[in-house]
Each structure stands twice: as C-alpha cells, then as structure tokens.
Amino acid sequence: MKFFIDTANLAEIREAQELGVLDGVTTNPSLMAKEGITGKANILHHYKAICDLVDGDVSAEVIGVTLHDMIREGEELAELDDKIVVKVPMIKEGVKALKYFSEKGIKTNCTLIFSAGQALLAAKAGATYVSPFVGRLDDISTDGIALIEQIVTIYRNYNYETEVLAASVRHPMHIIQCAEIGADVMTGPLSAITALLNHPLTDSGLAKFLADHQKAGAK
C-alpha cells in the first residue's frame, strides 16, 4: 500500500520523505489556506515546491465546478510538473472532466467519494485514483472502512486500473484496516503515519536493552 501525506506543509512533507516511506502527497484549498497560502500565483508556486520535494504523485485540486473551468484549471495544473494529479470533485461535470483528462493522458484523482456508485462512475470515466473519505463517513456513524472494502471488491471484479485512495484517514488503525482490505493508497496526516512507530513494549524493551548495556559496560 502506498503512503501519501495529506498536507500543504513543506516541513511535514520533508519529514515524511526523510522517514523513507512517502509515496506522494494530497492537498486541497483548505490545507493551502491553513498554511497561509492564498492567491493563484502563490498556490501554483507552492504546488511546484511540493513536487520538487517528493518523488511520487501530487494531487492538486481544481476550484471550478463547471466543465470549462475544471478543464482550464486542470490543464494549467498539469503543466506545472509531471507529478501533478488533477483532483476533481464527484459531480456530473467532474465525471465529464475525468473522461476528458483521461483521453488527454492527464492523471486524475476523483475526490469527495462517499458511495460505491460514485466510485464506479469515476473508474468508468478513467480516473487514476478515487478518494473515498473514511473519516468523514465515520463522523456520521457510517462505516468508512466498509466502503473502501466494497470499492476494492468491485474494482477487482472488473479489473479496473483506478486505484483506491483511502482519504480522510485519521489514525493508525485506519491505516492498518485499509491495508488489510487491500486499499491501493492511504492518505492522512503525518501524525497518523508516525503513530505506526509506537508501541509500549518497544519502548520498554529498548529501555531494558539500553539499561542492560549500561550495566555491562560499567563492569
């Protein structure tokens, strides 16, 4: 399973890259705003900066909701770097945009997926990735992991090449559950990724090893 980090923070991206497990980045206007990045020129520059940091795909989201605007913005984003994946919303015009970009050889990520039917439409339109939102479904007492599993099953039934990108991952158990059911990618915060490092027995075991080594060295 590929690990993407969901952020626009360059320091967090760099830390995940240095950890040696980062496969890509997803971001959106909300994450850009969180970092104080506003204005078209600054946003485009920041996307390029992210691409320069990582080796894998970088999802960059369009703002427009008409087909014309999505195509215009998406083509401009794709010109920034070969790593750019154009992120479009799961709406009727978005599905049309997926088909257009697919035929142009531009990679896409269909976002705001909340049902298997939506994921099926996106795959048929040629999306590179679909992003079902695990955490947001959990927030409304719906099983987000079950949706991931359903989409994975459907895609395998028909050999769709579209990758299932589990989005809105909140914690390490989400990551493990997504891995168990065969999600192609997960994207989440750095805190969820680094939390996979932690276990109290690892901490206590290392402390004992170091204490024993200290005793042995003192003799």
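Coordinates for the structure precede this section.
What counts and how
- Residues numbered from 1 in each chain as written.
- Predicted model: local features only at pLDDT ≥ 70, side-chain atom pairs only at ≥ 80, totals over all residues.
- Heavy atoms only, no water.
- Helix = DSSP H or I, 4+ residues; strand = E, 2+ residues; numbered from the N terminus.
- Buried < 20%, exposed > 50% of the residue type's maximum accessible area, 1.4 Å probe, protein only.
- Contact = heavy atoms within 4.5 Å.
- Areas by Shrake-Rupley, 256 points an atom, 1.4 Å probe, with all protein chains shown as cover.
- Lys, Arg positive; Asp, Glu negative; His and termini not counted.
- Charge placed at Lys NZ, Arg CZ, Asp CG, Glu CD.
- Pairing = 2+ DSSP bridges.
- Axes fitted to C-alpha atoms, helices over the stretch in contact; angles between N-to-C directions.
- Core = buried A, V, L, I, M, F, W, Y, C linked by side-chain atoms within 4.5 Å.
- Arc of directions from axis to C-beta.

## Re the overall build of the protein
Thinking step 1. Per the secondary structure count, the protein includes 11 helices and eight strands.
Thinking step 2. For the protein, buried positions account for 44% of its 219 residues.
Thinking step 3. Sequence separation of at least 24 residues holds for 57% of the intrachain contacts in the protein that already meet a minimum separation of 6.
Thinking step 4. Here the protein has roughly 11200 Å² of accessible surface; of this, 54% comes from carbon and sulfur atoms.
Thinking step 5. Charge centroids of the protein, computed over 20 positive and 29 negative side chains, lie 1 Å from each other.

## Quick notes on the sheet that holds strand 4 (residues 84-89)
Thinking step 1. The strand order around the closed barrel formed by eight strands is 1-2-3-4-5-6-7-8, and the pairing between neighbours is parallel. Neighbour-to-neighbour, the strand axes of the sheet open up by a mean angle of 30°, direction not taken into account.
Thinking step 2. Examined bridge by bridge, strand 7 (residues 163-166) and strand 8 (residues 185-188) share two bridges and lie parallel to one another. Directly across from Leu-165, in strand 8, lies its bridge partner Val-185.

## Quick word on the nonpolar core
Thinking step 1. Membership of the largest hydrophobic core comes to 57 residues, with the highest contact counts inside it found for Val-25, Ile-84, Cys-110 and Ile-148.
Thinking step 2. Setting aside chain neighbours within four positions, we find Ile-84 in contact with Tyr-47, Cys-51, Val-58, Ala-60, Leu-77, Ala-78 and Lys-107.
Thinking step 3. Of all hydrophobic cores here, the second largest spans seven residues; its members include Tyr-129, Phe-133, Ala-167 and Val-185.

## Side note on helix 9 (residues 172-180)
Thinking step 1. Residues of helix 9 that are buried include every one of His-174, Ile-175 and Cys-178, and no others. The buried residues of helix 9 all sit within an arc of 100° when viewed along its axis, so they share a single face.
Thinking step 2. Those residues of helix 9 hidden inside the fold are in contact with strand 1 (2-6), helix 7 (134-139), helix 8 (144-158), strand 7, strand 8 and helix 10 (190-195).
Thinking step 3. Positioned one or two residues after helix 9, Gly-182 has a phi angle of 90°, which is positive.

Read these as spatial facts, not as claims about activity.
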